[in-house]
Amino acid sequence: CICNCVASGHCRLSSHIPDVCKTEDCCLGIDEAGRGPVLGPMVYGICFCPVSKKDDLKDLKVADSKTLTETERENLFQKLDEARSYIGWALQILSPNTISTSMLQRSKYNLNALSHDTAIGLVQYALDSGVQLTEVFVDTVGPAEKYEEKLSQLFPGVKVTVRPKADSLFPVVSAASICAKVARDRVVKGWNFAEQLGEVDSDYGSGYPNDPKTKAWLLKYLDPVFGYPQFVRFSWSTAQTLMDSKSVTVHWDDDDEDGEKAAQRQNNRSMLSYFSASSGANDQTPAHQPHRFFTDRRLKSLDAL
Amino acid sequence: MATRKKRTPNAQNDSWVVVAADSVIDSQKKNSDPAFVKLRNPSTDAASLYMFGSGDDQLYEVKAFEEDFHSWFLGQTVQQDGKLLFVTPMDPLYLILPYLIKSGKEGKFQPVDQVFIDEEFPACSRLLNCTRSLASLHHVAEEKEVGSLKFHRYSRDRTLNWLKKKVERTVIALKKRNISVGEGVKSTTYVRVKPESDHHEEDYLRYAHGLISEYISEDLSKALLQHLQLPELTSPKDTEPPLKKRKLSDKPVEAGEDYTKFNSADFARKPPKKMSAAQKSLAKVDKTGMKPMSSFFSPKVKAEKN
Amino acid sequence: MSCNSNVIRVLPPVGQEQRVPVHLMPCEIEHNGSAQVSEYFTATMKDRKHEKTVSFRGRGLKGQELSCPQGYTGLVLKEVNKPGSDQEDRTVRISSVFNKLTYWNLETPPNSDDTIVMAMDWPELAEAIHGPVDD
């Protein structure tokens with residue numbers, strides 16, 4: 001079977017589920033990496049272990065991934081992996097294309113909703129894999145209370161704690177943040193462009209919009225028609241502003257202003273046809289109204305090429 | 001988010017996408033080229049675009065399919081104008097008819113080439129060159145031969161019989177193509193006393209009559225309706241505005257379809273025992289843009305051989 | 001309108017006719033001219049079952065291939081050179097041909113109610129309306 005991610009731009013990676021996690025009460029931490037950058041995917045990580053092993057996890061000296069250097073994160077990830085007899089992890093990678101198309105969807109799907117749904121999916125995955133979850137710790141950037149309530153309702157029997165900066169408060173969240181960050185860095189570093197762009201300069205910088213290297217890269221790889229390769233999040237204002245100033249303009253039928261106008265025009269047209277048809281009965285020789293076979297198919301005669 | 005830009009009209013279009021009957025290009029292998037021409041539209045009396053095939057043998061109608069907010073990618077180019085032109089063979093009699101009717105008002109038989117004089121549309125005389133024109137004039141006119149000369153006089157009876165056959169042909173095509181013809185008259189206040197099946201048949205007849213009426217004058221259209229023994233509908237609703245496009249509806253478009261899957265029992269179906277290792281899951285995932293993941297994870301997360 | 005007398009000649013392609021991939025996009029692109037279509041667009045298209053997916057400017061598109069109706073060929077016509085005065089005849093040339101096109105909807109899966117699919121009814125109906133009538 002081909003994994004769902006092929007279609008959806010989702011991609012999940014996971015460790016083996018430790019046997020002990022299927023028999024003992026477990027705690028689970030969730031964190032994300034790469035929310036802010038204009039480039040590359042967003043990665044969600046979960047890490048879980050038996051509640052009885054919390055201290056062992058602490059002894060590994062995991063900490064918030066943001067306070068660590070890349071090498072430290074790599075080393076810690078290796079340590080987590082070595083502890084695979086009692087620590088498990090899973091990652092969900094949201095491709096930048098998924099982020100763009102979701103956020104720019106007709107019925108907008110914002111980053112928070114996307115973020116919540118992904119986290120929920122990962123917890124469900126752990127449950128479905130037989131992990132005996134009793135405690136879940138979540139790092140959040142949004143309002144914690146509502147999110148905590150939502151998760152508690154979805155997973156009855158699991159004690160859910162949502163906290164800002166949870167990655168520095170709970171070692172199991174720190175561990176999740178390390179997994180997520182390591183994966184995100186790897187994916188960005190070795191991004192394999194689906195576009196046929198030849199050799200692409202991989203000096204993207206951090207991917208944050210204010211990083212001069214990222215800015216330079218965005219300027220260099222701006223295409224006048226297509227904008228950017230799918231590596232870039234089109235929904236970020238940085239990308240949109242650059243395209244607005246340097247690429248050709250593209251209009252969609254749901255562009256706010258245009259859409260309104262189009263709807264208005266359509267309205268006028270049908271009103272007109274209504275009146276012309278009724279006045280036709282009075283022999284007022286109204287403008288010719290094509291048969292609905294043609295109007296339904298948007299077919300019309302031309303008077304010039 | 002960036003502010004939306006105003007739409008700039010496409011001033012310099014010099015390219016067109018066309019779907020044309022094969023005879024248009026086949027005929028090019030002969031000596032002369034096909035050409036777009038402007039002729040008098042028999043229904044609107046104004047100019048419309050048509051095409052003559054090579055040597056004027058065949059007349060073609062030009063219709064444009066055009067939806068708002070569309071453009072083309074043609075090979076390695078963009079064409080802003082999203083129109084698609086259809087070039088389909090046309091019966092020249094429809095265009096000949098108004099000229100015959102006009103000259104027939106005097107009730108005289110006339111040499112046909114004297115009928116086609118139109119200062120506004122000089123190309124109209126080329127209609128007579130079409131292979132089918134002279135051969136089918138008898139459908140709409142009486143003919144008289146004096147020596148080697150032929151004379152014609154418009155005949156309303158012949159014309160209505162000819163148009164009736166056109167309507168019948170069209171009904172067959174509408175049925176064959178499964179084109180929905182009902183909506184237009186369903187909502188009228190017109191009370192019917194005929195059985196259901198006749199309603200259906202009448203819907204087809206009216207629809208086909210409407211299509212044929214695109215090619216004749218309003219006067220002739222009304223006469224044809226009588227000839228088909230269809231009462232005239234006066235309700236304005238029989239020409240309803242076109243169907244609303246479904247895709248523009250504002251119902252949510254599968255929001256989060258992919259994500260909600262994770263809430264479902266999707267993963268429960270997977271056997272929990274031999275959970276695939278990262279290496280195995282890697283083999284399954286979409287690696288677009290994620291080439292080095294496997295090389296990274298494989299040495300650390302040992303795959304379970306099973 | 002003095003240009004009513006004008007005819008527009010359609011010239012055959014120069015040499016071997018060129019076949020090109022043709023995509024009808026669900027947006028208006030304010031551009032006439034070259035674009036790296038195969039590098040950015042075709043290369044990222046995904047084709048599963050009867051549905052193709054791709055994205056353009058960060059928006060998700062779903063599309064399908066449509067064949068030209070039986071007995072019909074797709075042509076791209078290009079103006080050869082616009083005449084200086086209204087009285088001169090214009091000329092277009094067949095620059096390329098196609099037998100199928102791919103049309104794209106914004107997010108909506110393609111289906112038989114799509115206007116372009118319905119428009120393809122036209123040639124067959126036109127044949128009924130315009131074909132010769134028996135005596």
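Named according to an unreviewed UniProt entry, chain B is Ribonuclease H2 subunit B originating from Sphaeramia orbicularis. The UniProt entry for chain B carries this comment under Subunit (unreviewed entry): "The RNase H2 complex is a heterotrimer composed of the catalytic subunit RNASEH2A and the non-catalytic subunits RNASEH2B and RNASEH2C." According to the UniProt record, the Sequence similarities (unreviewed entry) comment for chain B reads "Belongs to the RNase H2 subunit B family."

In the nomenclature of an unreviewed UniProt entry, chain A corresponds to Ribonuclease from the organism Sphaeramia orbicularis. Chain A has a UniProt comment under Catalytic activity (unreviewed entry) that states "Endonucleolytic cleavage to 5'-phosphomonoester."

What follows covers the overall build of chain A. A tally of helices and strands in chain A yields 13 helices and eight strands. In chain A, which comprises 305 residues, the proportion classed as buried is 58%. When contacts within chain A are restricted to residue pairs at least 6 apart in sequence, long-range pairs at least 24 apart make up 71% of them. For chain A, the accessible area works out to roughly 12,900 Å², and carbon and sulfur atoms hold 50% of it.

On to the pattern of salt bridges. Summed over all chains, the structure comprises 38 salt bridges over all chains. Two residues, A:Lys220 and A:Asp201, come together in a salt bridge whose shortest N-O distance is 3.5 Å. Taken together, the residues span a long stretch of sequence, with A:Lys220 in helix α10 (residues 212-220) and A:Asp201 in the loop between α9 (171-189) and α10 at a distance of 19 residues. With a relative accessible area of 52%, A:Lys220 lands in the exposed category. With a relative accessible area of 29%, A:Asp201 lands in the partly exposed category. Across the salt bridge formed by B:Glu120 and B:Arg40, the nearest N and O atoms sit 3.4 Å from each other. Here B:Glu120 is found in the loop between α2 (93-104) and α3 (131-136), whereas its partner B:Arg40 is found in strand β2 (residues 35-40), with 80 residues between them in sequence. Among the charged side chains, a network of salt bridges with common partners joins A:Arg297, B:Lys176, B:Arg177, C:Asp121 and C:Glu124.

Here we have eight strands laid out as an open sheet, ordered β4(C)-β6(B)-β5(B)-β2(C)-β10(C)-β7(C)-β6(C)-β5(C), and mixed in their pairing. Strands with a single pairing partner mark the edges of an open sheet, and in this sheet they are β4 (33-34) and β5 (46-48) of chain C. With five bridges connecting them, strand β6 (residues 51-56) of chain C and strand β7 (residues 59-67) of chain C associate as antiparallel partners. Looking across to β7(C), one finds that C:Lys52 is bridged to C:Gly63.

Take unusual backbone geometry next. Residue and element names in this part refer to chain B. Residue Asp56 is not a glycine yet carries a positive backbone phi of 60°. Residue position: Asp56 is located in the loop between β3 (47-52) and β4 (59-65). The backbone phi angle of Gln229 is positive, close to 60°, even though this residue is not glycine. Relative to the helices and strands, Gln229 is located in the loop between α7 (218-227) and α8 (257-260).

So, on to the confidence of the model for chain B. Close reading of the predicted structure is inappropriate where its pLDDT is low. All names here are of chain B. Residues with a pLDDT of 70 or more make up 68% of chain B, whose mean pLDDT is 77. Segment residues 184-192 is flagged for pLDDT under 50; beyond a separation of four residues in sequence, or across chains, it makes 17 contacts in the model. A low-confidence stretch, residues 237-287 stays under pLDDT 50, and its non-local contacts, those more than four residues away or across chains, total 106 contacts. Complex prediction metrics read pTM 0.83 and ipTM 0.88.

Right, let's get into the pairing of strand β7 (residues 84-90) of chain B. All names here are of chain B. Of all seven residues that make up β7, six are buried, and the element is covered over most of its length. The pairing of strand β1 (residues 15-21) with β7 spans three bridges and is parallel. When the sheet's bridge partners are listed, Val19 is paired in β7 with Phe86. In the sheet, β4 pairs with β7 via seven bridges, with the strands oriented antiparallel. Across the sheet, residue Leu59 finds its bridge partner in β7, namely Met90.

As enumerated under the stated definition, the model contains 24 aromatic pairs over all chains in all. Consider the rings of A:Phe294 and C:Trp122, whose centres lie 5.0 Å apart with planes at 75°: the pair is edge-to-face. Here the residue A:Phe294 occupies a position in helix α13 (residues 292-296), and C:Trp122 occupies one in helix α3 (residues 122-130), the pair thus bridging two chains. Ring centres of C:Phe41 and C:Trp104 lie 5.6 Å apart, and the angle between their planes is 85°; on these two criteria the pair is classed as edge-to-face. You can see C:Phe41 sitting in helix α1 (residues 37-41) and its partner C:Trp104 sitting in strand β10 (residues 100-106), a full 63 residues away along the chain. Residue C:Trp104 is classed as buried on the basis of its relative accessible area, which comes to 1%.

Here we come to the UniProt feature "domain: RNase H type-2" (unreviewed entry) in chain A. On the UniProt side, "domain: RNase H type-2" (unreviewed entry) is annotated at positions that read residues 25-248 of chain A here. Taken end to end, residues 25-248 of chain A is 44% helix and 16% strand, and its two terminal C-alpha atoms sit 57 Å from one another.

Our next topic: the UniProt feature "binding site: a divalent metal cation" (unreviewed entry) in chain A. All names here are of chain A. Taking the numbering used here, the UniProt-annotated feature "binding site: a divalent metal cation" (unreviewed entry) corresponds to Asp31, Glu32 and Asp139. In sequence the annotated residues extend across 109 residues, while in space they remain close, none of their C-alpha pairs exceeding 7.9 Å. Under the relative-accessibility criterion, Glu32 is labelled buried at 18%. Not counting chain neighbours up to four residues away, the residues in contact with Glu32 comprise Met42, Val43, Tyr44, Ser115, Val141 and Ala180. In terms of polar contacts, Glu32 uses its side chain to reach the side chain of Tyr44, at 3.1 Å.

So, how was this worked out
- Residues numbered from 1 in each chain as written.
- Chains lettered and ligands numbered in written order.
- Predicted model: local features only at pLDDT ≥ 70, side-chain atom pairs only at ≥ 80, totals over all residues.
- Heavy atoms only, no water.
- UniProt positions renumbered as here; feature names shortened; annotations may be inferred.
- Helix = DSSP H or I, 4+ residues; strand = E, 2+ residues; numbered from the N terminus.
- Buried < 20%, exposed > 50% of the residue type's maximum accessible area, 1.4 Å probe, protein only.
- Contact = heavy atoms within 4.5 Å.
- Areas by Shrake-Rupley, 256 points an atom, 1.4 Å probe, with all protein chains shown as cover.
- Salt bridge = Lys/Arg side-chain N within 4 Å of Asp/Glu carboxyl O.
- Pairing = 2+ DSSP bridges.
- pLDDT = per-residue confidence, 0-100.
- Phe/Tyr/Trp six-rings, centres within 6.5 Å; stacked < 30°, edge-to-face > 60°.
- Polar contact = N/O pair within 3.5 Å; in protein donor to acceptor, adjacent residues only side chain to side chain.

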